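Close look at the chain arrangement
Here is what each chain is made of, one letter per residue.
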Amino acid sequence: MVPDINPVVLLFASIFTSNILLANFLGMCSFISISKDMKSSNGLGLAVTVVLTLTAMLNWVLLQYVLIPLDLLYLRYIIFIIVIAATVQILEMVIDRVSPALYMSLGIFLPLITVNCAILGVALFMQIRNYSFVQTVVFAFGSGLGWWLAIVTLAAIQKKLVKAPVPAGLSGPGITLITIGFMAMAFIGFSGMLSVQ
Amino acid sequence: MKKNGLIYTVLISVVSAFLFVFLLSLAYGATKGKVEENTRLTEARAYLVASGITVDGDTDIEALFKSTFPGFDKDAAYQTTTVNGKSVVVSPFQGNGLWGTITGVIGMTSDLQRIVGFEIVSHVETPGLGGRIDEVWFKDQFKDEYAANGIVVKHGGGGGDKDPDNGVVDGITGASRTSDSIQTIVNQQIDKIKKELGGTNQ
Amino acid sequence: MNEDSPVQILKSNVWYSNPIFIQILGICSTLAVTNNLSNTFTMTVGLMFVAAFTNITVSLLKGIIPRKVRMILQTLIIAFYVIIVDILLRAYLPEISKALGPYVGLIITNCIIMGRAEAFAQSHGPLISAWDGITSGLGYMWVLMLIAFVRELMGFGTLFGIAVLPAGFTPWTIMVMAPSAFFLLGTFIWVAKTIILKQEASSMQPKPGRKQASCSAMQPKGGK
């Protein structure tokens, strides 16, 4: 049964209240290493949003028209990850051919994305939650935007943090994680704004 | 053959992909029956628990289920049975949680005054947060709860509401939206049973 | 002492190059379930299993895998073992499988597994690679179990679902929610790093850092 969830609500929920990174901890790997620099954060955020939306659509179609009819649901992890890896490769080649300028700002981040758990996470969530096509697109796009918002915000905070006197042991990943914790708390504040029901 | 040659690369990729998928199909085939049995047992167990029967690890669920629901019809809106001399109405429910569909079974006394039992069959809420609706303390709160006017899932709390007469159960701390969903689902289901029973029995 | 002796590997994976607080790898898939000890335990055991078997397989196949498709084949091997774990959980531990939902599948994208396969199993024998996988899993497990211990104790007053704190204890809701995982992990890294810095200062000769694989470093270089 497809859950009866309003797409608009789903979009806001996936950006703010249930942010893929801050509430579900997905996509941390590249997040911490890249978030030091504003420009790269922006590029990576855009790349994640694009790839996330694209692969979620592809995976949804494969899931509904191939995996479920053929009773191959148990192979979904392999199929999803291959779709993601292939999409990233193809996208990289296409961008390289079509627009070298865009490649410089977006393409170089693409290889980082295959191992971004957020991408596979969204594919698995849309399968287990039985989303319709529209819900899947909205959820994937919202999750991407949410991730983008989180990494850009963190990059901005990190810029100020460079000047702060942080104890030697805490500097680096330690203080970054604690900062993310405060951001997660702030994002919880959004949950009063809407409910998925 | 050259190790980095095209033919060798393609060959190795295809062969290993085929091999891994083949092994997986074997593993899947070998456990398929077991998984289906698990699903069936979970559902049978939910019906038993919802009718107020205590089920523990040693219970022969299949046999007990057959004797409790001899004329079980999977598609019926509700089942009636008699447990310890009291007649019980048991019905499967389905509704939206925070993330997806929550399904389960709820049992009520035949006068629809009190809930007899409540059991979750499947849900996709966040593990450790909304997912705690599947924990025993939460489900046990529904036992004997007075529900003639519906129930209220209270925010905060989190320890379990012990009073069966107030129609209130404690929600899950930190998962207020899943708690709200449970309240909506249970109340809608009670209304639905009322209508069903009113239409056929009276 | 030989850098690749079993004891050295154990020490390195559990402390000196701990995947979590030194390499900051692979926290995504498991951090979400750390408000509950049992779920954390299942996830980390699953990870250990997948890491060990992936390492064995990659080590055995390292001679025949062409360079170009190495990444995708490693991913395939990891996905294979993760699906095995998922199938086993579904068949024999349905309750746990139900509780963890999609998080089991996310072990695939856990960078630790691919990181170890790439940095260790590619260049070592199968047995020692298996040991490397197990110890990496151990290093991962004890840190996350510690976080889960604090979160479950303070958030619910229970350990493994058994009430241990007196009934009058007011649970800290924040411990149940996501931010606490970040705070605890951050604090933990602070403590661990401070100790390591002290150790290095007192021995006056810093441990040679082992080859560290990060997710970004092990990416295929695309079509270029």
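Residues numbered from 1 in each chain as written. Chains lettered and ligands numbered in written order. Predicted model: local features only at pLDDT ≥ 70, side-chain atom pairs only at ≥ 80, totals over all residues. Heavy atoms only, no water.

Our next topic: the overall build of chain A. If you tally the helices and strands in chain A, you get eight helices and zero strands. Counting from the amino terminus, helix and strand elements in chain A follow one another as α-α-α-α-α-α-α-α. Here chain A holds 197 residues, and 57% of them are scored as buried. If you sum the accessible surface of chain A, you get close to 7,600 Å²; carbon and sulfur atoms cover 73% of it. (Helix = DSSP H or I, 4+ residues; strand = E, 2+ residues; numbered from the N terminus. Buried < 20%, exposed > 50% of the residue type's maximum accessible area, 1.4 Å probe, protein only. Areas by Shrake-Rupley, 256 points an atom, 1.4 Å probe, with all protein chains shown as cover.)

Residue and element names in this part refer to chain B. Across the sheet, four strands lie side by side as β1-β2-β3-β4; this open sheet has antiparallel pairing. The strands lining the two open edges of the sheet, one partner per strand, are β1 (79–83) and β4 (115–122). Put simply, the sheet's adjacent strands are angled 25° from each other on average, direction ignored. Relative to strand β2 (residues 86–96), β1 runs antiparallel, the two being bridged by five bridges. Within the sheet, the bridge partner assigned to T82 lies in β2 and is S87. Strand contacts of helix α1 (residues 6–50): β1, β2, β3 (101–109) and β4, with the helix running at about 165° to β4, the strand carrying the most contacts. (Pairing = 2+ DSSP bridges. Axes fitted to C-alpha atoms, helices over the stretch in contact; angles between N-to-C directions. Contact = heavy atoms within 4.5 Å.)

Turning our attention to the nonpolar core. Residues L21, F31, I113, W147 and I180 of chain A together with L185 of chain C are the most contacted members of the largest nonpolar core, which totals 130 residues. Ranked by residue count, the leading element in this core is helix α4 (residues 70–92) of chain C, at 13 residues. V89, F118, I151 and I190 of chain B belong to the second largest nonpolar core, which has 28 residues in total. (Core = buried A, V, L, I, M, F, W, Y, C linked by side-chain atoms within 4.5 Å.)

An α-helical turn contains 3.6 residues, so any two residues separated by three or four positions project in the same direction. All names here are of chain A. The terminal C-alpha atoms of helix α6 (residues 117–128) lie 16 Å apart, and with 12 residues this matches the ideal 16 Å at 1.5 Å per residue to within 8%. Counting buried positions along α6 gives 11 out of 12 residues, so the element sits mostly inside the fold. Of the residues making up α6, those classed as buried are C117, A118, I119, L120, G121, V122, A123, L124, F125, M126 and Q127. N130 lies just past α6 and shows a positive phi near 65°. (Expected span 1.5 Å × (residues − 1).)

As a further point, take the pattern of salt bridges. Counted under the stated rule, the structure contains 10 salt bridges over all chains. Here D132 of chain C and R116 of chain C are joined by a salt bridge, their closest N and O atoms 3.0 Å apart. Within this pair, whereas D132 of chain C is found in helix α7 (residues 126–156), its partner R116 of chain C is found in helix α6 (residues 111–119), the two being separated by 16 residues in sequence. Of the residues examined, R116 of chain C reaches a relative accessible area of 6% and is grouped as buried. One salt-bridge network, held together by shared partners, links R45, E119, D134 and K139 of chain B. (Salt bridge = Lys/Arg side-chain N within 4 Å of Asp/Glu carboxyl O.)

This brings us to the packing of helix α3 (residues 38–67) of chain A against helix α4 (residues 76–98) of chain A. All names here are of chain A. Look at α3 against α4: their axes get within 10 Å of each other, and the N-to-C directions meet at 140°. Taken together, the axes of α3 and α4 are oblique relative to one another. In this structure, the crossing between α3 and α4 has a hand that is right-handed. In this structure, α3 uses V50, V51, L54, T55, L58, N59, L62, L63 and L67 to contact α4, whose residues at the interface are R76, I79, F80, V83, I84, T87, V88 and L91. By residue class, the composition of the contact of α3 with α4 is 13 nonpolar, three polar and one charged. (Parallel < 35°, antiparallel > 145°, perpendicular 65-115°, else oblique. Left-handed = near helix turned anticlockwise from the far one by under 90°. Nonpolar A, V, L, I, M, F, W, Y, C, P; charged D, E, K, R; others polar.)

So, on to α6 of chain C. Residues and elements named next belong to chain C. Counting buried positions over the nine residues of α6 gives nine, a clear majority of the element. Of all the positions in α6, only C111, I112, I113, M114, G115, R116, A117, E118 and A119 are classed as buried. Where α6 begins, one side-chain oxygen reaches toward the backbone nitrogen of I112, 3.0 Å away; that side chain belongs to N110. (Polar contact = N/O pair within 3.5 Å; in protein donor to acceptor, adjacent residues only side chain to side chain.)

Moving on: the confidence of the model for chain A. Looking at chain A, the pLDDT average stands at 82 and 90% of residues meet or exceed 70. For chain A, per-element mean pLDDT is lowest for helix α2 (residues 28–34) of chain A, which scores 71, and highest for helix α7 (residues 133–161) of chain A, which scores 90. (pLDDT = per-residue confidence, 0-100.)

Before going further, it helps to spend a moment on the pairing of β1 of chain B. Of the two faces of β1 of chain B, the one lined by Q79, T81 and V83 of chain B is fully buried and the one lined by T80 and T82 of chain B carries no buried residue. The loop that links β1 of chain B with its antiparallel partner β2 of chain B comprises two residues; one of these, N84 of chain B, has a positive phi angle of about 55°.

Its volume calculated, the largest pocket comes out at about 1,700 Å³. Lining the largest pocket are 48 residues, and of these I128 of chain A, T39, V121 and S122 of chain B together with R90 of chain C sit closest to its centre. Those elements that provide at least two residues to the lining of the largest pocket are α3 and α6 of chain A, α1, β2, β3 and β4 of chain B together with α4 and α5 (94–100) of chain C. What the second largest pocket holds in volume is close to 1,200 Å³. As for the second largest pocket, its lining consists of 47 residues, and the residues nearest its centre are R132, D134, E135, V136 and W137 of chain B. Residue classes in the lining of the second largest pocket are distributed as 17 nonpolar, 19 polar and 11 charged. (1 Å grid on protein atoms, 1.4 Å probe; cavity = no way out; pocket = protein on both sides within 12 Å on 5 of 7 lines; lining within 4 Å. Points joined across faces, edges and corners; volume = space filled by probe spheres on them.)

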